[in-house]
Amino acid sequence: MGASSEIKPPPECPEEAPAMSITGKSESISSMKLDGIHLTESDNWHIGTTPVDIRGKPIPDHRLPKTGGWIAVLFIFGNEMAEKMCYFGLAVNMVLFMFNVMHKPFSGSASLVSNFLGISQVSSIIGGFLADAYLGRYWTIASFTTLYFVGLIGITISATVKAFMPDQNCTQFGLLLGTCDKAKPWQMIYLNTVLYASGLGSAGIRPCVSSFGADQFDERTKNYQARLDSFFNFFYLFVSVGAIAAFTLIVYFQMQKGWGYAFGALAVGMGISNILFFVGTPLYRHRLPGGSPLTRVAQVLVAAFRKRNASFESTEFVGLYEISGNRSAIKGSAKIAHTNDLRFLDKAALQLEEDSPDPWRLCTITQVEEVKILIKLIPIPLLTIVMNLIVTEYLTLSVQQAYTMNTYLGHFKVPVTCMPVFPALSIFLFLSLYYYTFVPLARLFTGHPHGATQLQRIGIGLVFSILSAAWAGILERYRRNYAIKHEFEEVFLSAMPGFSAYWLVIQYCLIGIAEVFATVALLEFLYEEAPDAMRSVGSAYAALAGGIGSFLTTPINNIVKSLTGNEAKGKESWLAMNVNKGRFDYFYWLLAGLSVINFMVFLYVANRYKYRAKQKN
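Fair warning: this is a prediction, and the values are worked out from it, not measured in the lab. (Residues numbered from 1 in each chain as written. Predicted model: local features only at pLDDT ≥ 70, side-chain atom pairs only at ≥ 80, totals over all residues. Heavy atoms only, no water.)

Participant: What am I meant to see in the overall build of the chain here?
Facilitator: Counting its secondary structure elements, the chain contains 18 helices and 10 strands. By the burial criterion, 57% of the 617 residues in the chain qualify as buried. In the chain, the share of contacts with a sequence separation of at least 24, taken over all contacts with a separation of at least 6, comes to 82%. As displayed, the chain offers around 26,300 Å² of accessible surface, 64% of which is attributable to carbon and sulfur atoms. (Helix = DSSP H or I, 4+ residues; strand = E, 2+ residues; numbered from the N terminus. Buried < 20%, exposed > 50% of the residue type's maximum accessible area, 1.4 Å probe, protein only. Contact = heavy atoms within 4.5 Å. Areas by Shrake-Rupley, 256 points an atom, 1.4 Å probe, with all protein chains shown as cover.)

Dropping the structure here:
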């Protein structure tokens, strides 16, 4: 659909579908025809809320019960579970693969993988844009999940075929000294290419899967809200299952069978999930893409700027522009009622007598409200960045701590690289009990049918992230003092037999509960609050916040190291390689302090936010 047609009355019958204004100066229409579908003004048919089939045709009412619902969602859950298994499988194994096999310095390997994780999340906005603008969610997932599969095959080849690796005749001592044979430039180029192909595949899947799954439920049913709430909880339950598989099964393959088996298992898992996703195709309900969101946003900003000096009191003022009838001018969207927020943007819809419907000079009310909603949504996901930062820091810092602690469970020694499984386990267990514990208890105090509103649940999650960081600081202070007291200060890669690593489980569980509340509620919040034709972009906001949290770890760590350490004077930084000489406790408390400030800002923003549902009532 062209940019100009997004706000104009249908060109096939311009006299039958005139513009109207909110001042009441509107004309009625008897009927109009668009894209081969005949509609009348009495038709209560909204493109944004009516499911279509894979060919873009509305699904008749008699066929609706045979599509969508929980059966269709199960095929979609499988794809997300595999994506998360691969994402975390690469996160937990790739640093060691770069160091042990490709002979990259450990710090360089960690930075490379952190950047990969950050880019794969930040670039989710690309997947969301393509889904909302052109491809639709189904075809975006289908395309990018295939790219993900191809990238994983390429990584498996890199870990299996000797020609893609440097010479492996090297001792552990040589690895530490950096004297091993280095990877050739072309070998690193190949590995980075297939690695980032996987990251791009993940970026295309992540913003679409949750929205596509939610699309399978009919908004017109009475229990829609309850089903949607359940969907997002079960969705994150499958995310946790994928993470658990990555931190246990894939780590086992790596340790017992080798790198080729570990990465090959990820490729096989993604391949099976792709097959299941395509098998479920006849069951899916779809939403029409609405054209480029960026174009519509740009049109509103340009039109508002052009009319910045125009007055609503002018004698030439006709009204705020909107097309007549029940349907929106934007594919994939129902009409959005006018609000008084961000009034300067209303200039884009201000219709003067001499105006023609040029999309760069005059926009519909719905198009203007889309931009308002996107702007108002931004602060909420941004205020989860600090929580995502804590999660990312745990993936590296807590592993360093675990190397100095006893990881035995009875007679079985748990690999240190398996320790991040505990946040995933806590997420799985808490989500399993969520409806039997938190919801009934919270309902007694709030009276809310789901226990708490979405923003309240995000706030609860942020509180648990504060508690997690604070406890991490307390535990680390005790662990460090124990190491010094028992003369382990210099031996930072040897486990202290008398100090169990499972004290770390407390901070893992707290951050897991934080994710259950904040991340699940954020996904649900963005899906419901985002404009109909921009729901994938809205979901990408959550991934963008996660990506920024991953990116920030490197600069924050570097700043802390430079401010707290001095190599010339022999002063160790808070984040020293020797964790027994560093001050990880101070760093955790710094994160807790930042989280408190972040939470105070969140309270202010959340208190001022108005849900779209309240505006419609």
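We are not done yet, so read on.
Participant: Can you help me understand the pattern of salt bridges in this one?
Facilitator: Two side chains bearing opposite charge may form a pair once their charged atoms approach each other closely. Following the criterion strictly, the structure yields 18 salt bridges and no others. The shortest N-O distance in the salt bridge between E524 and R457 comes to 3.2 Å. Taken together, the residues span a long stretch of sequence, with E524 in helix α15 (residues 504-529) and R457 in helix α14 (residues 454-485) at a distance of 67 residues. Each of the two residues, E524 as well as R457, counts as buried. One continuous salt-bridge network, built from bridges that share partners, spans E80, E83, K84 and R206. (Salt bridge = Lys/Arg side-chain N within 4 Å of Asp/Glu carboxyl O.)

Participant: Whenever I open this one, unusual backbone geometry confuses me. Can you help?
Facilitator: Trans is the common state for peptide bonds, and a negative phi is the common state for residues other than glycine. At H103, a position not held by glycine, the phi torsion is positive, near 60 degrees. Here H103 is to be found in the loop between α1 (69-100) and α2 (106-122). Non-glycine residue E487 carries a positive phi angle of around 60 degrees. Mapped onto the secondary structure, E487 falls in the loop between α14 and β10 (496-500).

Participant: Any chance you could explain α14 here in plain terms?
Facilitator: Each turn of an α-helix holds 3.6 residues, which means side chains three or four residues apart point in the same direction. Across its 32 residues, α14 extends 47 Å between first and last C-alpha, which sits within 8% of the 46 Å expected from 1.5 Å per residue. Of the residues flanking the end of α14, it is E487, one or two places downstream, whose phi is positive at about 60 degrees. (Expected span 1.5 Å × (residues − 1).)

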